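Coordinates in review
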Amino acid sequence: MSIKIENLSYIYDQGMPFETIAVDNISFDIENGEFVGIIGHTGSGKSTLIQTINGLYKPSKGKIFINDIDLTDKKVKKSDIRKKVGLVFQYPEYQLFEETVYKDIAFGPKNLNLKADEIDIRVKESMKLVGLDFEKLNEVSPFELSGGQKRRVAIAGVLAMNPEVLILDEPTAGLDPKARDEILKQIEILNKKKKVTVLLVSHSMEEVANLVDRLIVLDKGKKVLDGDVRSVFKEYELLTDIGLGVPQVTELINKLNLRGCNIKETVLNVEEAKNAILKQLRGDSND
Amino acid sequence: MIRDITVGQYYPSESTIHDLDPRFKIIASFIYMISIFAVESIIGYGVVTLFIVFLIKMSKIPIKYILKGLKPIMLIIIFAFVINVFFTPGKVIFEYRIIKVTSEGLYRGFFMAIRLVFLIIGTSLLTLTTSPLKLTDGIEKLLNPFKKIGLPAHELAMMMTISLRFIPTLLEETDKIMKAQMARGADFESGSIVNRAKGLIPLLVPLFISAFQRADDLAMAMEARCYRGGDNRTQLKVLKYTRKDLIGSFVLILYVASLFAFKMVW
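Residues numbered from 1 in each chain as written. Chains lettered and ligands numbered in written order. Predicted model: local features only at pLDDT ≥ 70, side-chain atom pairs only at ≥ 80, totals over all residues.

The next point concerns the overall build of chain B. Helix and strand content of chain B: 11 helices and two strands. For the C-alpha atoms alone, the extent of chain B along its principal axes is close to 65 × 60 × 40 Å. Counting contacts in chain B only where the partners sit at least 6 residues apart, residues at least 24 apart contribute 73% of the total. (Helix = DSSP H or I, 4+ residues; strand = E, 2+ residues; numbered from the N terminus. Contact = placed C-beta atoms within 7 Å.)

Regarding its fold elements, chain A presents 12 helices and 10 strands. The C-alpha radius of gyration computed for chain A amounts to 21 Å, which stays within 12% of the reference 19 Å derived for 287 residues, consistent with globular compactness. Projecting the C-alpha coordinates of chain A onto the three principal axes gives extents of approximately 65 × 50 × 35 Å. Relative to its full complement of 287 residues, chain A shows a buried share of 40%. Taking as baseline every contact in chain A between residues at least 6 positions apart, the subset at least 24 positions apart corresponds to 63%. (Rg over C-alpha atoms; globule rule 2.2 N^0.38 Å. Buried ≥ 20, exposed ≤ 12 C-beta atoms within 10 Å, placed from the backbone.)

The subject of this paragraph is the interface of chain B and chain A. Each partner contributes to the interface: chain B provides 17 residues, whereas chain A provides 22 residues. Those elements giving two or more residues to the side of chain B that touches chain A turn out to be α8 (153–183) and α10 (201–224) of chain B. Across the side of chain B that touches chain A, the residue classes break down as 11 nonpolar, three polar and three charged. (Nonpolar A, V, L, I, M, F, W, Y, C, P; charged D, E, K, R; others polar.)

Here the focus is the domain arrangement of chain A. Where the parts come together, the accessible area they lose is often given as the size of the interface. Residue and element names in this part refer to chain A. In terms of domain boundaries, chain A breaks down into domain 1 (1–76 + 165–175 + 199–235) and domain 2 (247–287). Each of domain 1 and domain 2 has a C-alpha centre, and these two points are 32 Å apart. Between domain 1 and domain 2, the residue contacts involve eight residues of the former and five residues of the latter. Those elements giving two or more residues to the side of domain 1 that touches domain 2 turn out to be α8 (205–209) and α9 (229–234). In the side of domain 1 that touches domain 2, the residues fall into four nonpolar, one polar and three charged. (Domains from an automatic or database assignment.)

Before going further, it helps to examine the sheet that holds strand β10 (residues 222–228) of chain A. Residue and element names in this part refer to chain A. As summarised here, the arrangement of the six strands in space is β6-β7-β8-β3-β9-β10, forming an open sheet in which the pairing is mixed. Looking at strand neighbours, the two that pair on one side only are β6 (85–88) and β10, the edges of this open sheet. Pairwise comparison of adjacent strand axes, ignoring direction, gives a mean angle of 15 degrees for this sheet. Taken together, the five bridges between strand β3 (residues 35–40) and strand β9 (residues 214–219) define a ladder with parallel strand orientation. Across the sheet, Ile39 pairs through a bridge with Val217, a residue of β9. Relative to strand β8 (residues 197–202), helix α7 (residues 177–193) is tilted by about 150 degrees, and along the sheet it contacts β3, β7 (165–169) and β8. (Pairing = 2+ DSSP bridges. Axes fitted to C-alpha atoms, helices over the stretch in contact; angles between N-to-C directions.)

All names here are of chain B. Interhelical geometry of helix α3 (residues 42–59) versus helix α6 (residues 103–129) gives an angle of 25 degrees and a closest axis separation of 11 Å. One way to sum up the angle between α3 and α6 is to call them roughly parallel. Every pair of crossing elements has a handedness; the one defined by α3 and α6 is left-handed. Where α3 approaches α6, its residues Tyr45, Val48, Ile52, Leu55, Ile56 and Ser59 are matched on the opposing element by Ile114, Phe118, Ile121, Gly122, Leu125 and Thr129. Residue composition of the contact of α3 with α6, by class: nine nonpolar, three polar and no charged. (Parallel < 35°, antiparallel > 145°, perpendicular 65-115°, else oblique. Left-handed = near helix turned anticlockwise from the far one by under 90°.)

Before going further, it helps to examine helix α6 (residues 147–159) of chain A. Residue and element names in this part refer to chain A. In a regular helix each residue adds 1.5 Å, so 13 residues correspond to 18 Å; α6 covers 18 Å between its end C-alpha atoms and thus fits that length. Summarising burial for α6: 11 of the 13 residues are buried, a large majority. Within the sequence span of α6, burial applies to Gln149, Lys150, Arg151, Arg152, Val153, Ala154, Ile155, Ala156, Gly157, Val158 and Leu159. (Expected span 1.5 Å × (residues − 1).)

Here's what the structure looks like:
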C-alpha cells in the first residue's frame, strides 16, 4: 500500500484565539513495504500528521492518497481506510476495556464483521506476532497484566485487523529496555516478513537509527529532512539545532573528526564505529 | 466536537472582569441567575442581553469563543423549547391531529430557550474569567460562615476545584480513547439506540479506569507533599476587595434596579 501526501496542513481551532498550526504544508510519498521513521520533538506535529493519515482528522488543506484513493474526498468511507491503515496510539494500553485478552484483541476483527473462526485465527496469529503466549493469557483480564504485556495486547488488537499499513506512535514510550527491544524486533519482523508498510513515530534517534530504511524529520509542523538514515545523520548541525541530535556513536565520530580524525562514513551503531576507528588507526593509507 | 466544550475552562486574559474579586463574581453570578429566571418580559430580556454583552466586551473574551460553548447543549435547549411548545395548555393557534401548538406554549418555549442560553453564557463567563485557584478561594471564603454548623468548607472547595480542573483533562482523554477505538473500527455515530449504547462500553470502561487511576495518583501526590486541608492553612495571595469591586457592585445594583424600576420582573 502506498501513501501519498500533498501539501498537507492541519490547523487546530481555526479562527479561534488558540489557533495553532500543527502540520504545515507537508508532502511526501511512502512506497509499499517501506519502513519509515517519523521523528521530531514533542509538539512537532507527528501525532497530528499520522492521525490525518488514518482519517481521524480532516486536513485543513492538502490531500492524502492511500493507494490512489483520495482520503479527503467526502465519498470515501473513513471506515474502509481504517481497515487498511492500522494506528497504534501513544500509550495504547489505555484503550483496553474487555474482560479477557482474547475478547479485547477480537474487538477490531469483530467490527470488520468477520466470522468467529476467522477471528479466532487472527487473534492467535496476532498474539504470536507480539510474543504473547495464547494458551496462558487468552482468558486473563488485560488489567491484570504488566505494563509491557498490556502494550502488546493493545498492539495485537490493531494487528488483528490485518492492516496493510501500520502506524505506531511512540510504541516504546515508558517501557523498560528489554520490552522495548522486543517490541521493536517484532515490528521489524512484521515489516520484513509480512511486507507491512510501517510508519514508526519516535523522538529518539537511537531507537530508529538501526531500524528504519528512511527518516522523515519534522520540526514545528514542517518537514525539514527526508531521506535514508545515513543521509539524514549527515546533517549533524541541523539536527542538533532542532534539538534532536544524533545517536551517541554518530556523535562520537563527529567529535573525533573535530579533533583531527578523518572518518568519512556516517556510522549508526557500535560495530560500524569500531570498524571505522580501527581503519583510522591502521593508517590513512587505505583512503 | 469534544474540543468545543468550554464550560469550566479558564481563559487567561487581562481585563477588569478578570481582576474582580472571586467572591464578588460568585455572588454576582447568583444574582444574575436569579434575575434571568425572574424576568418575564421581552424588554426585560433586552436589558439582560445588554448587560451580558457589556460583560463579555469588558472581559475581552471573543464572543465567538463563548458561543462555541453553547454548541454541545443545543440539543437540550431545543428539547426544552419543543416540550414547552407542544405541552402547554392555552389558546390553540395550530393543530394537526394530536399535535397542538398554543400561543402560551410558543411564548414559554421561547423564554425557556433564552433562559438556558443566558444561564450557560453567564456561568461560563464566571469560570472563563476566574482561575480555578481564585474560584476555590472565593467559594471557601463564602462558605466559611457555615463552618460553625459543621460544613467542611475547605474540603468542599477543594473538591470543586479539582473537578473543574479535570473537566478538560477528561474531555481530552475521551477524545483520545474515542479515536483509538475508532481506529479499531468502532462506530459511535450510527446504528440503533441499543447498538449505540453498547458501542459506548469500549469508551466508558477505559475512561473510568483512567479517571480512578488519576484520582488515586493525585491523592498520593497530595499526601506526599503533606497536604492537610482546613485549619491553619495560610494563603499566598489573600483576597482583598478593591475599587473595581466597588464599581462592579454599582453596575450590578444598577442592573437589578433597572429590572425592577421598569417592572420587567413579574
